[in-house]
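Spelled out, the chains give:
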Amino acid sequence: MAIERTLSIIKPDATRRNLTGRINAALEAAGLCIIAQKRLQLTRGQAEAFYAVHRERGFFHDLVNFMISGPVVVQVLEGEGAVARNREVMGATDPAKAAEGTIRKLFAESIEANSVHGSDSAENAATEIGFFFAAIEIVG
């Protein structure tokens, strides 16, 4: 497997409960390296732009409102098969269906407030990383 990069977002429900360190510990224990990171408060425009692919779906406005409800931690993860590895460590979107020991099983409050976001492909990872980070901010 190749070394990849992927985007990870620790969502407002998790930052509100001070879970950033515990989530990052799980990511690092899985062999992923955090090579860029910043905490920010998304504006409505930023959240709408980031989730534009979901604009026509019924949950779009609720998702945007949730993502602007508090600070998030955006980060770039690097490692062998980082996209798939991160998704494995995150667990299923629905925490009730997530495997034991995954981030969402441990920390998610609901399908919407599921604590983390991760890129779903290498192509989307590149786009999502570029949305939040300039090349100079990524140290890996």
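Parameters and conventions
- Residues numbered from 1 in each chain as written.
- Predicted model: local features only at pLDDT ≥ 70, side-chain atom pairs only at ≥ 80, totals over all residues.
- Heavy atoms only, no water.
- Helix = DSSP H or I, 4+ residues; strand = E, 2+ residues; numbered from the N terminus.
- Rg over C-alpha atoms; globule rule 2.2 N^0.38 Å.
- Buried < 20%, exposed > 50% of the residue type's maximum accessible area, 1.4 Å probe, protein only.
- Contact = heavy atoms within 4.5 Å.
- Lys, Arg positive; Asp, Glu negative; His and termini not counted.
- Charge placed at Lys NZ, Arg CZ, Asp CG, Glu CD.
- Pairing = 2+ DSSP bridges.
- Axes fitted to C-alpha atoms, helices over the stretch in contact; angles between N-to-C directions.
- Arc of directions from axis to C-beta.
- Core = buried A, V, L, I, M, F, W, Y, C linked by side-chain atoms within 4.5 Å.
- Phe/Tyr/Trp six-rings, centres within 6.5 Å; stacked < 30°, edge-to-face > 60°.
- Lys NZ or Arg CZ within 6 Å of the ring centre and 35° of its normal.

A few points about the overall build of the chain
Here is step 1: Summing up its helical and strand segments, the chain has seven helices and four strands in all.
Here is step 2: A compact globule built from 140 residues should have a C-alpha radius of gyration of about 14 Å, and the chain, at 14 Å, falls within 12% of that.
Here is step 3: Based on the C-alpha atoms only, the size of the chain along its principal axes is roughly 35 × 35 × 25 Å.
Here is step 4: Counting over 140 residues, the chain shows a buried share of 47%.
Here is step 5: Partitioning the contacts of the chain with sequence separation of at least 6, the portion at a separation of at least 24 is 77%.
Here is step 6: Seen as two clouds, the 15 positive and the 17 negative side-chain charges of the chain have centres 5 Å apart.

Section: the sheet that holds strand β4 (residues 116–118)
Here is step 1: One open sheet holds the four strands; their spatial order is β2-β3-β1-β4, and the pairing between them is antiparallel. Edge positions in the sheet fall to β2 (33–40) and β4, since each of these pairs with one other strand and no more. The mean angle between the axes of side-by-side strands here comes to 20 degrees, regardless of whether they run parallel or antiparallel.
Here is step 2: Two strands pair when backbone bridges link them, and strand β1 (residues 3–10) and β4 are joined in this way by three bridges, in the antiparallel orientation. Its bridge partner being in β4, I10 is matched across the sheet by V116.

As for helix α7 (residues 122–132)
Here is step 1: If you check which residues of α7 are buried, you get A125, E128, I129 and F132. Axial view of α7: buried residues confined to an arc of 100 degrees, hence all on one face. Opposite the buried face of α7, at more than 90 degrees from it, the exposed residues are E123, A126, T127 and G130.
Here is step 2: In the core, the buried residues of α7 are packed alongside β1, β2, α3 (44–50), β3 (72–80), α5 (82–90) and β4.

Observations regarding the nonpolar core
Here is step 1: Among the nonpolar cores identified, the biggest contains 21 residues, and I9, M67, F132 and F133 are the most heavily contacted of them.
Here is step 2: With five residues, helix α4 (residues 60–67) is the single largest residue contributor to this core.
Here is step 3: Every residue in contact with F133, bar those within four places of it in the chain, is listed here: L7, A36, Q37, K38, V74, Q75, V76 and I138.
Here is step 4: Counting 15 residues, the second-largest nonpolar core is a separate cluster that includes A14, L27, M90 and I103.

Some remarks on the packing of aromatic side chains
Each aromatic ring pair is characterised by the separation of its centres together with the angle its planes make.
Here is step 1: Inspection of every chain in the model, using the stated rule, returns four aromatic pairs.
Here is step 2: Measuring from ring centre to ring centre gives 4.9 Å for F50 and Y51, while their planes differ by 90 degrees; the resulting arrangement is edge-to-face. Each member of the pair, F50 as well as Y51, carries the same accessibility label: buried.
Here is step 3: Each residue in the set F50, Y51, F131 and F132 is aromatic and connected to the rest through ring pairs, giving one cluster.
Here is step 4: The ring of F133 has K38 sitting right over it, with the charged end atom 4.8 Å from the ring centre.

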